[in-house]
Amino acid sequence: MYRVVEQRPLAPRIREYVISAPDVARTAAPGQFVVIRLREEGERIPLTIVDTDPVAGTIVLIVQDVGKTTHEMTGIDAGGGVLRDVAGPLGNPTEIDRFGKVVCVGGGLGIAPLYPIARALAAVGNVTIGILGARSREFLFYVDRFREVLDETFITTDDGSCGRKGTTSDVLRDVLRSNDRVDRVWLIGPPIMMKVAAEITRPFGVKTVASLNPLMLDGTGMCGGCRVDVGGRIRFACVDGPEFDAHQVDFDRLISRLRYYRSEEATSLERFCARLAMSRGTDTR
Amino acid sequence: MRPIGDVAWDRHAMIRPKRVPMREQNPRDRVRNFREVALGYTPEEAVQEAERCLQCQFPTCVEGCPVHVDIPRFVGQASRGRFAGAIGTIHQQNLLPAVCGRVCPQEAQCEGTCALGRKFEPVAIGKLERFCADWSANHESDLPTVEHTPMAKTHVAVVGSGPAGLTAAAELRRLGHRVTVFELLHEPGGVLIYGIPEFRLPKAVVRREIDYLKKRGVQFRVNQVIGRTRSLQDLLGSGFDAVFLGTGAGLPRFLGIPGEQLNGVFSANELLTRTNLMRAYRFPDVDTPIRVGKRVAVIGGGNVAMDAARTALRLGAKDSSIVYRRSVEEIPARAEEVEHAQEEGVRFQLLAMPVRFLADKTDDHVTGVECVEMKLQGMDSTGRRHPVPLPGTEFILPADTVIIATGNGPHPLIPQTSPGLAVDRRGNIIADPVTGETNLAHVFAGGDIVTGAATVIEAMGAGKRAAIAIDRHISAMNPDTDPIFASRE
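This one's a predicted model, so the numbers in the text were calculated from it and none came from an experiment.

A short note on the overall build of chain A
1) Next: For chain A, the helix and strand inventory stands at eight helices and 16 strands.
2) Next: In terms of overall size, chain A behaves like a compact globule, its C-alpha atoms giving a radius of gyration of 19 Å where 285 residues would be expected to give roughly 19 Å.
3) Next: If you line up chain A on its principal axes, its C-alpha atoms span 65 × 40 × 40 Å.
4) Next: Expressed as a percentage of its 285 residues, the buried residues of chain A come to 57%.
5) Next: Side chains of chain A give 37 positive and 37 negative charges; the mean places of these two sets differ by 2 Å.

Digging into the sheet that holds strand 16 (residues 243-245) of chain A
Residue and element names in this part refer to chain A.
1) Next: The seven strands lie next to each other as 11-10-9-8-12-13-16, forming an open sheet whose pairing is mixed. The outermost strands of the open sheet, each flanked by one partner alone, are strand 11 (164-165) and strand 16.
2) Next: In terms of strand pairing, strand 13 (residues 207-211) meets strand 16 through three bridges, oriented antiparallel. Residue pairing in the sheet places Ala-210 in a bridge with Phe-244 of strand 16.
3) Next: Along the sheet, helix 3 (residues 111-123) contacts strand 8 (101-107), strand 9 (127-134), strand 12 (184-188) and strand 16; its crossing angle with strand 8, the most-contacted strand, is approximately 165°.
4) Next: Sitting on the sheet, helix 5 (residues 168-178) is in contact with strand 8, strand 9, strand 10 (152-157), strand 11 and strand 12, with an inclination near 155° to strand 9.

A few points about the nonpolar core
1) Next: Ranked by size, the top nonpolar core spans 137 residues in total, and within it Leu172(A), Leu187(A), Ile71(B), Phe74(B) and Val402(B) carry the most contacts.
2) Next: Tallying contributions element by element places helix 18 (residues 456-477) of chain B first for this core, with nine residues.
3) Next: Excluding anything up to four places from it in sequence, Leu172(A) contacts Val103(A), Val105(A), Ile131(A), Val185(A), Leu187(A), Ala197(A), Ile200(A) and Thr201(A).
4) Next: Ranked by size, the runner-up nonpolar core spans 32 residues in total, among them Val50(A), Tyr115(A), Phe146(A) and Trp186(A).

Re the confidence of the model for chain B
Residues and elements named next belong to chain B.
1) Next: Per-residue pLDDT for chain B averages 90, and the proportion of residues at 70 or more is 94%.
2) Next: Looking across chain B, the model is least confident in helix 19 (residues 483-488), with a mean pLDDT of 43, and most confident in strand 9 (residues 295-299), with 98.
3) Next: Confidence over residues 1-9 falls short of pLDDT 50; this stretch has 11 contacts with residues more than four positions distant or in other chains.
4) Next: Within the model, pLDDT remains below 50 along residues 483-489, and this stretch shows 14 contacts once partners closer than five positions in the same chain are excluded.
5) Next: Quick note on the complex model: pTM equals 0.91, ipTM equals 0.92.

Looking at helix 5 (residues 71-79) of chain B
One turn of the α-helix equals 3.6 residues, which is why residues spaced by three or four share an orientation.
All names here are of chain B.
1) Next: Counting buried positions along helix 5 yields eight of nine residues, so the element is predominantly enclosed.
2) Next: In this fold, the buried residues of helix 5 make contact with helix 3 (43-50), helix 4 (60-64), helix 6 (83-93) and helix 8 (125-138).
3) Next: Positive backbone phi, at 75°, marks Gly-81, one or two positions downstream of helix 5.

What to know about the pattern of salt bridges
1) Next: Per the counting criterion, the structure on display carries 56 salt bridges over all chains.
2) Next: The partner of Asp287(B) in a salt bridge is Lys68(A), with the nearest N and O atoms 2.8 Å apart. Linking Asp287(B) in the loop between helix 13 (268-277) and strand 9 with Lys68(A) in helix 2 (residues 68-74), this pair reaches from one chain into another. Comparing Asp287(B) with Lys68(A) shows no difference in burial state: the two are buried.
3) Next: Glu199(A) is paired through a salt bridge with Arg202(A); the nearest N and O atoms lie 2.7 Å apart.
4) Next: Residue class for Arg202(A) comes out partly exposed when judged on its relative accessible area of 37%.

Looking at the sheet that holds strand 3 (residues 155-159) of chain B
All names here are of chain B.
1) Next: The strand order 5-4-3-6-18 describes an open sheet built from five strands, whose pairing is parallel. Two strands in the sheet have a free side with no partner beyond their single neighbour: strand 5 (219-221) and strand 18 (443-445). When the angles between neighbouring strand axes are averaged without regard to direction, this sheet yields 20°.
2) Next: Note that strand 6 (residues 242-245) and strand 18 share three bridges and pair parallel. By the bridge assignment, Phe-244 is partnered in strand 18 with Phe-444.

Some details on the interface of chain A and chain B
1) Next: Listed per partner, the contact involves 49 residues of chain A and 46 residues of chain B.
2) Next: Interface of chain A and chain B: buried area, both sides summed, is about 4200 Å²; carbon and sulfur atoms make up 47% of it.
3) Next: The interface formed by chain A and chain B contains 11 salt bridges.
4) Next: We note a salt bridge from Arg279(B) to Glu41(A), for which the minimum N-O separation is 3.7 Å.
5) Next: At the boundary of chain A and chain B, one finds 32 residue pairs in polar contact (both at pLDDT 80 or more).
6) Next: Those elements that place two or more of their residues in the side of chain A that touches chain B are helix 1 (22-27), helix 2, strand 7 (85-90), strand 14 (227-230), strand 15 (233-236), helix 7 (251-258) and helix 8 (262-284) of chain A.

Topic: the packing of aromatic side chains
Given two aromatic rings, their pairing is described by the distance between the two centres and the angle made by the two planes.
1) Next: Counted by the stated rule, this structure contains 12 aromatic pairs over all chains.
2) Next: Ring geometry for Phe141(A) against Tyr142(A): centres 5.6 Å apart, planes inclined by 75°, an arrangement best described as edge-to-face. Side by side, Phe141(A) and Tyr142(A) carry an identical accessibility label, which is buried.
3) Next: When the centroid spacing of 4.1 Å and the interplanar angle of 20° are considered together, the rings of Phe34(B) and Tyr281(B) count as stacked. Remark: Tyr281(B) occurs in the loop between helix 13 and strand 9 and Phe34(B) occurs in the loop between helix 2 (27-30) and strand 2 (38-40); sequence separation between them is 247 residues.
4) Next: Assessed through its relative accessible area of 10%, Phe34(B) is described here as buried.
5) Next: Tyr281(B) gets classed as partly exposed once you look at its relative accessible area, which sits at 28%.
6) Next: Taken together, Tyr115(A), Phe141(A), Tyr142(A) and Phe146(A) form an aromatic cluster joined through their ring pairs.
7) Next: Stacked on the ring of Phe139(A), the Lys or Arg Arg135(A) has its end atom at 4.1 Å from the ring centre.
8) Next: One residue, Arg145(A), lies across the ring of Tyr142(A), its end atom 4.2 Å from the ring centre.

Thresholds, definitions, all that
- Residues numbered from 1 in each chain as written.
- Chains lettered and ligands numbered in written order.
- Predicted model: local features only at pLDDT ≥ 70, side-chain atom pairs only at ≥ 80, totals over all residues.
- Heavy atoms only, no water.
- Helix = DSSP H or I, 4+ residues; strand = E, 2+ residues; numbered from the N terminus.
- Rg over C-alpha atoms; globule rule 2.2 N^0.38 Å.
- Buried < 20%, exposed > 50% of the residue type's maximum accessible area, 1.4 Å probe, protein only.
- Lys, Arg positive; Asp, Glu negative; His and termini not counted.
- Charge placed at Lys NZ, Arg CZ, Asp CG, Glu CD.
- Pairing = 2+ DSSP bridges.
- Contact = heavy atoms within 4.5 Å.
- Axes fitted to C-alpha atoms, helices over the stretch in contact; angles between N-to-C directions.
- Core = buried A, V, L, I, M, F, W, Y, C linked by side-chain atoms within 4.5 Å.
- pLDDT = per-residue confidence, 0-100.
- Salt bridge = Lys/Arg side-chain N within 4 Å of Asp/Glu carboxyl O.
- Buried area = accessible area lost by both parts, 1.4 Å probe.
- Polar contact = N/O pair within 3.5 Å; in protein donor to acceptor, adjacent residues only side chain to side chain.
- Phe/Tyr/Trp six-rings, centres within 6.5 Å; stacked < 30°, edge-to-face > 60°.
- Lys NZ or Arg CZ within 6 Å of the ring centre and 35° of its normal.

Here it is as structure tokens:
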């Protein structure tokens, strides 16, 4: 059992959880993830580790309430609540080195896993530019934290309610045009965002890394469900990734494979919400 | 050869030539549920079958058993209805009898070398082993209390809780060591839990065997991804006197042909893990889904392929076909598994090799497998006839689900994260075949991570041999004091 020490909302349907998982906290590095399970009948879902406190033995996860498990998670009380399983850290850590000038692009929930990477890149002396995008102002989070550690942070929103109106890709293109040299770009966000951004960096010949989020079961190399097509080869996001050369990734295939269980995911969530509504009805009587 | 004058010959005339069959769920019913196919013996049936044993003076069956269970002794006890004694005899060599009785390839081991088998059907040793194990689970109060081996100060880490790891753990505990088993999934058991289907090996049986080890003092830690949560070096530096690596062959291989990334194409590991470990057949009562279509093609001819094809039927497939590139004679699966699959309606597309997977209009989902017919000629390095494609014989097997069951590679995490650990070109850990010693001091390995994918009992044999070697290694390192070691000599 892994105790939920704290949880708080960051944005609509996005919450930050502090979880007691000393073994994970001790060895986790930026770019790695955990697989969690809420209870005995629960599914295993991968979540990126956003931060760790090895002394307190805690890790930070940022979760968007999109499916059954993530929805159920919002109901877990800080203090008394627990997760049944937390396994990790999984995946290869991000390669952190002094590359020169780097650009970190985060879209939507991707802002969360981008944070530890951007912070680590800044800490070793890179000139770091952040580009954070969301649908609108209310969906942005961690902006101050990025500003604290990065040299420059750009904000975009689809509706223009904060920062520049448009997408992260618009800003990325401008940044690449106005900087004589960018040494490396990180992309974390919805697959379609990463696909578009990879096409923007390609003509500039900038090495671009995308952190992929395919469906995953065990997260340890055993099921092959998370396989992605990278340069025509099958790679497993869990043990070979999760970061890959964005110019080699077949994003269309990734997007198609992410849809496979969509109807089951909807069924599961509907059922859960219906039960929740019923039990709440009973409670109030 | 058996010596003339063996008492057994005198009984020979009275022996029933055929073994007592074990009752099974009938095929039409069982394809609609995940309950165990074989229903087990009654005590009377067990006695009757056990009476067939010749009680050879020089039993060849024991040599056929990778862990050398004293088979004539336990079968003799069973024939007199002394089941508690029988399970005690088995437990001396094998702490997972309910598992082995169900999944060992006995026809190639103990039963394959049974003297009775030269003339008649061999004694159903596996079924008797299973009976004794199941009987003891229901008669715990009749069993002598397990004597709790005192704990030594020595502490061994076992990485992986499949057949190799469990056996090593059990043996090390019995030899007096403290043992901690590290498992990366949320439940121990390895392939016994995630891989072998419920209808062949109920998970309750595996849990029972693991509980038995816990009672004997073996500690289990789940969600421990050795190589990530802590490294092999960390383990050695944190008070463990030795480490046994039994991390198995968990990495699914794909074929490398076009269309393999389509939706509807799974590895057998994924299908089986969703179904067995996560119990997806109960979705939406459990959260993990699984979706198979109406027409399922399973690529491969081993036990895992049979498990996958039969699982697909139970998940609602109307048609489930094995696609195998050699003929029925070369099928590596156990005969019993092939028979069970045939009884349940699994079809066999033999001498056929997939060349690509076909996609629907949107290039999203698989719709079929393009295969080419094969012929067999010559011999390959494994002594099997070599399959060669016949150009121009391509045909399409319609399928909305394809399951790849062509074997697994070594689990990559430990080799990837353990600098200096010697592995071969396939990524298997190089270890002494007898002692399991690797090139790193205090590190031993055994089972599929060393040999490549093999059987449960072979992995158990390796786990057991390594445990004995680890015990000697530790004794040699701590020659002085420990009273437990002293008393054992």
